[in-house]
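What follows is the residue order along each chain.
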Amino acid sequence: MSTYRLDHMFAPRSIALVGGSPKPNSVGGATLRNLKTGGFDGPIDIINRKYSEIEGIKTRRDFKDLPHVPDLTIICVPPPAVQGVVKAASAHGCPSAMVLTAGLGLGTGSFTETISQTARVTGLRLIGPSLGVLVPRAKLNASFASRLPKDGDLALISQSGAISTALVEWASNRNIGFSAIASMGENLDVDFGDLLDYFALDPQTRAILMYVESITDARKFMSAARAAARVKPVVVIKSGRHRQGARAAATHTGALAGADEVYEAAFRRAGLLRVLDMEELFSAAETLGHLQSSHGHRLAILTNGGGLGVLAVDRLIDLGGELAPLSDEVRKSLGKFLPERWSNANPIDILGDADGERYARTCEHILGDTANNALLVMNAPNTLASPIESAMSVAATVKRYRDETHSRKPVFAAWVGDSGTATGVFSAANIPHFANEADAVRGFMHIVRYREGLDVAMQTPPSLPENFVPDAAAARAILQNALKQKRTWLNPVEITELFAAYSIPIASAVLARDPEQAARAAMPLLAEGNTVIVKISSPDILSKSDVGGVRLNLTSERAVHDASADIIQRARAMKPRALIDGVTVHPMILRPKARELIAGLADDPTFGPVVVFGRGGTAVEVINDKALALPPLDLNLAKDLIARTRVSRILKSYRDVPAADEGAVALTLVKIAQMAADLPEIRELDINPLLADKDGVIAADARMTIAPVSESVRGSGHYRFAIKPYPKEWERHARLKDGRGIFVRPVRPEDEHLYPEFFKQVSAEDIRLRFFSAMKELTHPFIARLTQLDYARAMAFIAIEETTGKMLGVVRLHTDADFESAEYGICRAGAFRSEGTGPRLDADAAHHRICPRRGRARHSRSGDGPEQDDARHQRPPRLHDQAGSAKCRSDAGRAADCQTAEIGLRVRSRGASWQDL
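Throughout this description, residue numbers start from 1 for each chain and increase along the sequence as written. Residues qualify for local features only when their pLDDT is at least 70, as the model is predicted, and side-chain atom pairs are given and counted only at 80 or more; totals for whole chains, interfaces and linings, by contrast, use all residues. Calculated side-chain values reflect all of the structure's heavy atoms, with hydrogen atoms and water omitted.

### Looking at the confidence of the model for the protein
Residue-level confidence of the predictor, termed pLDDT, takes values from 0 up to 100. In the predicted model, the protein carries a mean pLDDT of 83, and the fraction of residues at 70 or more is 86%. In this analysis, two residues are considered to be in contact whenever any of their non-hydrogen atoms come within 4.5 Å of each other. In this model, residues 245-249 is a region of pLDDT below 50 whose contacts with residues beyond four sequence positions or in other chains number six contacts. Per-residue pLDDT stays below 50 along residues 837-917; that stretch engages in 171 contacts with residues further than four places along the chain or on separate chains.

Structure below.
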């Protein structure tokens with residue numbers, strides 16, 4: 001349901017407390033006390049049949065006795081009574097509720113499942129069982145936390161009540177406030193995806209903190225997380241990092257893809273900033289609570305102690321930062337007033353007797369130095385100067401600099417040994433303060449990593465080779481044939497044929513059932529001058545080398561025969577229960593300078609298919625050098641995946657070894673990801689080793705597990721992908737009125753280069769009407785937002801002239817998080833307005849041209865009544881290139897277009913596709 005009715009939960013006008021109690025130590029009593037002391041100014045009704053009055057509030061016996069329908073219902077009754085309360089609240093039309101009762105249980109048939117089903121029937125939004133919700137600006141403490149935090153612009157989403165209360169207590173001493181704190185508990189209904197969508201749209205929230213134990217709906221989470229991270233920092237801490245999966249992996253790639261590594265890959269792909277512990281989360285909160293993100297990773301360090309500065313530099317380099325140089329101009333300026341023994345370099349050591357004036361003058365010069373991107377000011381206390389006076393001077397200087405220049409350059413402070421006085425000074429000046437140099441540097445790197453993640457997400461990937469046209473139909477036939485035989489593994493011959501369909505080079509394979517067949521299969525290879533490899537073929541033997549199942553450099557038929565007989569005999573002796581198909585015969589691949597890599601697919605129960613890459617060979621699990629990524633991949637993402645491994649270093653040239661073709665490695669990873677998108681039957685794929693050298697790549701061995709897929713879930717892309725892949729099935733060819741051919745397809749990220757030339761063909765007035773502003777410059781970030789789509793929420797079709805490759809027009813539809821309403825925009829090059837770019841783009845034929853316009857199809861808020869349209873609950877502007885919303889303008893033709901879009905949305909809600917629009 002996403003953000004549906006969440007405004008009632010976080011900005012309620014009235015509250016009903018079911019189970020409110022006069023007992024101070026009960027959950028109902030503590031919650032009532034918090035609601036009153038927090039200052040909530042709306043009506044609070046208590047439903048409790050045992051007491052006639054509690055805390056001066058007359059109680060009600062049931063929902064029907066309430067004078068109105070409460071926006072928020074808080075449930076504090078014993079577990080057996082919760083379901084009845086939820087049913088009554090639903091029947092009364094209550095829009096939102098939170099359950100503070102613990103002990104409901106989990107799993108099929110539990111109270112939790114039954115309660116969720118009861119609420120879902122009427123659209124009652126439920127959160128919990130949990131600590132509750134705290135919204136300082138609404139003076140809402142609907143929880144049993146000990147205090148209401150200060151109002152601020154950080155939102156906290158947590159599956160743990162203890163983490164929530166810990167952050168509240170910590171923040172109260174750091175002058176850090178929250179826009180809201182939502183403790184989710186056991187995900188009765190409202191989940192991470194819902195809350196990310198809500199806080200991403202909340203203008204009072206500048207950054208989001210998350211404590212995650214598990215994700216249930218991966219695609220919903222990834223879609224919401226990617227959207228939120230585009231507009232504000234999202235910091236996540238995930239517990240259970242070292243807990244291993246319960247299942248035994250069937251391949252090397254499956255063994256390498258641990259549960260936490262997959263979560264790490266998901267967070268990275270979404271653009272979330274991951275921290276590892278509470279201390280680091282506090283550090284991130286301290287930074288994000290006072291600063292906005294900035295570009296650059298060059299840090300200037302100002303200190304009154306040389307040793308402290310050196311430690312800060314060490315930590316900076318450890319975390320991947322860069323020590324900023326001092327410009328010659330600033331160095332000369334500092335030399336005019338600093339003592340002769342100052343460091344004359346960064347770190348800027350202004351010596352132990354530095355007073356407030358020396359700190360202030362030095363800060364002025366460093367802040368104005370464009371050679372750095374941020375400043376860290378540190379102080380080691382001594383009796384020669386007052387640390388508090390120095391802190392006040394630094395705070396005043398930074399405030400004056402910001403006021404005069406409107407600069408957003410980040411400034412950090414670390415007053416070592418401070419008892420709290422300096423913390424208050426810096427907090428008042430919006431300068432994050434840390435207890436030591438390591439935490440301060442880590443705080444700086446948080447905003448660096450966030451900005452780097454945004455930049456990576458905005459990169460335009462290079463186009464794939466035009467000759468890469470996979471034969472998905474042939475590959476699918478191979479899988480279907482194996483599945484008809486009730487097999488869960490492909491044999492080496494089938495894998496060779498499947499790889500050929502995706503242009504992945506692999507050593508040819510011939511399956512031989514016995515030694516005699518093996519000898520005959522080797523004859524043509526030997527005749528061509530090749531040596532031969534023989535390998536055991538068994539779906540039950542993961543590591544062939546463990547059973548002596550590989551023989552190399554065989555040079556005669558007799559050698560092949562004897563090796564095959566020995567391999568089969570040893571395998572049967574060592575693995576008596578294994579199914580032995582025979583042996584496979586391959587040509588020996590002689591590439592002495594090649595690096596052994598591993599690449600493939602693992603199957604995660606939460607996030608679905610995962611691409612795995614790393615160092616291969618027989619010791620792959622021992623070396624444990626790997627990186628994971630969620631498909632689909634483009635070449636940029638594949639190169640990033642490679643760069644995150646240690647083996648990437650030896651892909652470069654060294655000594656007498658030429659550099660391997662990293663482009664070929666990256667392209668192979670993209671092909672593997674595409675294979676996963678086209679063929680949901682694939683569960684695990686293991687290419688080990690994948691040999692890479694200057695001449696390219698070749699798979700020396702591969703294994704693949706498969707499983708049937710129900711036709712009911714087969715559709716657009718892999719149904720288990722956490723990120724919806726490119727919908728290739730919506731590509732179409734059409735013709736203009738003059739007979740020229742056009743190619744209409746969904747927009748891809750690599751289309752960015754087409755947009756600048758296209759917009760030159762669109763008038764300034766049309767661009768203004770299309771985007772509601774005059775676009776003087778089409779920047780890369782702006783175009784990236786047009787081309788980098790989340791296909792789960794948005795769709796844009798581009799029309800390309802087949803002969804010239806020029807972009808002729810584009811139409812875009814972007815839904816809200818609830819899939820209830822959408823915005824659309826249409827734009828076509830002026831020279832082609834009367835040519836008819838096809839029915840999917842020609843939405844204004846009555847006017848003989850398509851002028852840029854936007855519309856919005858709206859859906860009434862269920863639960864508010866058919867005639868009610870409360871402005872307080874209007875949805876905020878969307879988070880994409882078409883910022884804001886607008887109705888179609890002027891004439892009846894455009895009104896008809898709005899109606900068409902609304903009809904299209906209704907059709908899609910019945911299971912139709914975007915083509916219906």
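### Concerning the pairing of strand β25 (residues 595-604)
For the exposure calls, accessible area comes from a 1.4 Å probe over protein chains only, and a residue counts as buried if that area is under 20% of its type's maximum, exposed if over 50%, partly exposed in between. In this description a helix means any DSSP run of H or I spanning at least four residues, a strand means any run of E spanning at least two, and both kinds are numbered starting from the N terminus. In terms of burial, β25 is largely enclosed, as nine of its 10 residues are buried. As paired strands, β25 and strand β28 (residues 682-693) are joined by six bridges and run antiparallel to one another. From the neighbouring strand, Arg-595 faces β28, where its bridge partner is Ala-692. Paired strands are those between which DSSP finds at least two bridges. Direction of pairing for β25 relative to strand β26 (residues 608-615): antiparallel, over a ladder of eight bridges. What sits directly across from Asp-604, in β26, is Gly-608.

### Structural notes on the pattern of salt bridges
Here a salt bridge means any side-chain nitrogen of Lys or Arg lying within 4 Å of a carboxyl oxygen belonging to Asp or Glu. Enumeration over the complete set of coordinates arrives at 42 salt bridges. Put simply, Asp-328 and Arg-331 hold a salt bridge, and the shortest N to O gap is 3.2 Å. With Asp-328 and Arg-331 both in helix α12 (residues 328-335), this residue pair falls three residues apart, about one helical turn. Given the relative accessible area of 25%, Arg-331 is considered partly exposed. When the shortest N-O distance is used, the salt bridge between Lys-652 and Glu-662 registers 2.7 Å. Taken together, the positions of Lys-652 in the loop between α22 (635-643) and α23 (662-678) and Glu-662 in helix α23 put the pair 10 residues apart, joining distant regions of the chain. Exposure remark for Lys-652: the relative accessible area of 44% places this residue in the partly exposed category. Given the relative accessible area of 25%, Glu-662 is considered partly exposed. Through salt bridges with shared partners, a single ionic network connects Arg-125, Asp-189, Asp-191, Asp-194 and Lys-220.

### Remarks on the side chain of Asp-194
Position of Asp-194 relative to the elements: it lies in helix α6 (residues 192-201). Polar contacts, as counted here, are pairs of nitrogen or oxygen atoms within 3.5 Å of one another; within protein the pair requires one atom able to donate a hydrogen and one able to accept it, and residues that are adjacent in sequence qualify only if both atoms are side-chain atoms. Within the local environment of Asp-194, its side chain forms a polar contact with the side chain of Lys-220, the two groups lying 2.6 Å apart.

### Points about the nonpolar core
In plain words, nonpolar cores are sets of buried Ala, Val, Leu, Ile, Met, Phe, Trp, Tyr and Cys residues tied together by side-chain atoms within 4.5 Å. The biggest cluster of nonpolar side chains holds 62 residues, and the ones touching the most others in it are Phe-10, Ile-74, Leu-196, Met-210, Phe-221 and Phe-607. Ranked by residue count, the leading element in this core is helix α7 (residues 218-231), at seven residues. Ignoring any residue separated from it by four or fewer positions in sequence, one finds Met-210 in contact with Ile-157, Phe-192, Leu-196, Phe-221, Val-234, Val-235, Val-236 and Ile-237. Leu-483, Ala-627, Met-675 and Ile-706 belong to the second largest nonpolar core, which has 53 residues in total.

### Concerning the sheet that holds strand β21 (residues 510-512)
Here four strands make up an open sheet; going across it, the order is β21-β24-β22-β23 and the pairing antiparallel. Two strands bound the open sheet, and with one partner strand each, they are β21 and β23 (550-554). Across this sheet, the average inter-strand angle for adjacent strands is 25 degrees, counted without regard to direction. Axis lines are fitted through C-alpha atoms, for helices just across the contact stretch, and the angle between N-to-C directions can take any value from 0 to 180 degrees. Contacting β22 (532-537), β23 and β24 (582-587), helix α20 (residues 557-574) runs over the sheet at an angle of about 170 degrees to β23.

### Let's talk about the packing of aromatic side chains
For any pair of aromatic rings, the description consists of the separation of the ring centres together with the inter-plane angle of the planes. Classification of ring pairs rests on two measures: the distance between centres of Phe, Tyr or Trp rings, Trp counted by its six-membered ring, which must be within 6.5 Å, and the angle between planes, read as stacked under 30 degrees, edge-to-face over 60 and tilted in between. Overall, the coordinates contain 14 aromatic pairs when judged by the stated rule. Seen from their ring centres, Tyr-198 and Phe-199 are 5.3 Å apart, and the 80 degrees between their planes marks the pair as edge-to-face. In this structure Tyr-198 comes out as buried when scored by relative accessible area, which is 14%. Taken together, Phe-192, Phe-221, Tyr-263, Phe-267 and Phe-607 form an aromatic cluster joined through their ring pairs. Put simply, a charge is over a ring when the Lys NZ or the Arg CZ is close to the ring centre, within 6 Å, and near the line of the ring normal, within 35 degrees. Just above the ring of Phe-337 sits the side chain of Arg-361; from NZ or CZ to the centre is 4.1 Å. Over the ring of Tyr-726 we find Arg-748, and its NZ or CZ is 5.3 Å from the ring centre.

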